[in-house]
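Each chain is listed here by its residues.
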Amino acid sequence: MTIESTGFIGASLVTGQGLVSKTQRPGNTRLSPTANQQPQSKTSKDALLSDFCSITGASPKDAKRYLDKHQRRLDAAIDAYYQEGGGRTTVASTSKLNALFEKYKDPNGDEISIDGTIQLCQDLKVDPENVVLLAVAYELKSPRVGEWNKKGWVEGWSRLGCDTVDGMKDTLTRLRAKLGSDSTYFHKVYDHTFSFARTEGQRSLAIDTALAFWNLLLPTGLTGGALKHDLTGEDIDMDGEGSFGWTDEHTQWWFQFLTEKGGKGVSKDTWMMVRAQMRQSWLRLINNSCLTSSCSIDSQFLTHDAEAAWPSAIDDFVAWARATGKVPTPEAT
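Since the structure is predicted, the reported quantities are computational estimates derived from the model, not experimental observations.

Q: Go over the overall build of the protein, please, and point to the residues and values.
A: When helices and strands are tallied, the protein shows 14 helices and 0 strands. A burial count over the protein gives 50% of its 333 residues as buried. Considering only contacts in the protein between residues 6 or more positions apart, those separated by 24 or more positions represent 67%.

Now the structure itself:
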């Protein structure tokens, strides 16, 4: 089974309903446990420096300083760089941002709406289906798909330090890389996407909408590394060759399960638990107080505790995977 994706504009706003874009699938990159890793080679260290510089625009000197300070953890180093004000040397012009807002604003309203968003994407030379626009939506506090208010526009672009279309293009490149590699930033964008994609007045996401946005976000976090670190900061096996790991196959199972199950929608608890499952690779999710690696759920769900504090959809998913023969039942092992 494959799931197509909807982008920033959204299926409901482009086609009326359904899914609109090509399939994106998670990669199968493996990260082995830190405890078993050999010391990093010069090539590996150079690659980290290059990645840090390309994502943040920082100098090699600053990149080395932050990477050394955070034990060569790229996501932690990038997060610290931005938290400490890195990359904000440019002071954006409010008057320029106001002028740009007026250019894209709905002539009959006070906000930028769908037509203005489409024109903005054309000027930025970015596909409306590009996941980076979810990061922009987070930064500019977009309340709904394809809508921007003036306050969020001016304050958001000001924080990002750009007031021209060319500057915005450069910022999109950095945000796209940061979304994929920085676990903390990915979490913030992922969290915002639920509220942003939800129909006004609804508490949950429609199944098709949730699947489409998952299909944009999850491959980005997996292939970039944002979903490949557990809470201890240790790298873990995410390709399914070991005992733990969420793989492309698990994602397709989840999509298939939800499509077959149907239902009213995806709750916020379920939305957030899916990210937690992938980020922690089913580790430390037995219950809220289980915070050691001895409390774990393997990739075949053999140690899943149906009595723990999971959203019911997760219990149903495990039961479905067992019933359809995708994983063995505990009795069969």
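The rest of the description comes next.
Q: Go over the environment of V131 with me, naming the residues and quoting the values.
A: Within the secondary structure, V131 sits in the loop between helix 6 (114-124) and helix 7 (132-139). Sequence spacing of V131 and G180 is 49 residues, and the spatial spacing of their C-alpha atoms is 9.8 Å. Each residue touching V131, except ones within four places of it in the same chain, is listed here: R176, L179, L216, L217 and T220.

Q: Give a detailed account of the packing of aromatic side chains, specifying residues and quantitative values.
A: Applying the stated rule across the entire model yields 19 aromatic pairs. Plain terms: the ring middles of W214 and W271 are 5.1 Å apart, the flat faces sit at 15° to each other, and that makes the pair stacked. Here W214 is found in helix 11 (residues 207-224), whereas its partner W271 is found in helix 13 (residues 268-279), with 57 residues between them in sequence. An identical accessibility class is assigned to W214 and W271; each is buried. Joined through ring pairs, the aromatic side chains of F186, Y190, F194, W214, W254, F257, W271, F317 and W320 make up one cluster.

Q: Explain the pattern of salt bridges residue by residue, including any values.
A: Applying the stated criterion across every chain yields a total of 10 salt bridges. One salt bridge connects R72 with D68, and the closest N-O pair in it is separated by 2.5 Å. Close ionic contact of R144 with E147 constitutes a salt bridge, the shortest N to O distance being 3.3 Å. Judged by its relative accessible area of 26%, R144 falls in the partly exposed class.

Q: Kindly report on the packing of helix 11 against helix 12 (residues 248-261), identifying the contributing residues and their values.
A: The N-to-C vectors of helix 11 and helix 12 enclose an angle of 170°; their axes lie 10 Å apart at closest approach. In terms of their interaxial angle, helix 11 and helix 12 are classed as roughly antiparallel. Every residue of helix 12 that contacts helix 11 at I207, L211, W214, N215 and L218 is listed here: T251, W254, F255, L258 and T259. In the contact of helix 11 with helix 12, the residues fall into 7 nonpolar, 3 polar and no charged.

Conventions used here
- Residues numbered from 1 in each chain as written.
- Predicted model: local features only at pLDDT ≥ 70, side-chain atom pairs only at ≥ 80, totals over all residues.
- Heavy atoms only, no water.
- Helix = DSSP H or I, 4+ residues; strand = E, 2+ residues; numbered from the N terminus.
- Buried < 20%, exposed > 50% of the residue type's maximum accessible area, 1.4 Å probe, protein only.
- Contact = heavy atoms within 4.5 Å.
- Phe/Tyr/Trp six-rings, centres within 6.5 Å; stacked < 30°, edge-to-face > 60°.
- Salt bridge = Lys/Arg side-chain N within 4 Å of Asp/Glu carboxyl O.
- Axes fitted to C-alpha atoms, helices over the stretch in contact; angles between N-to-C directions.
- Parallel < 35°, antiparallel > 145°, perpendicular 65-115°, else oblique.
- Nonpolar A, V, L, I, M, F, W, Y, C, P; charged D, E, K, R; others polar.

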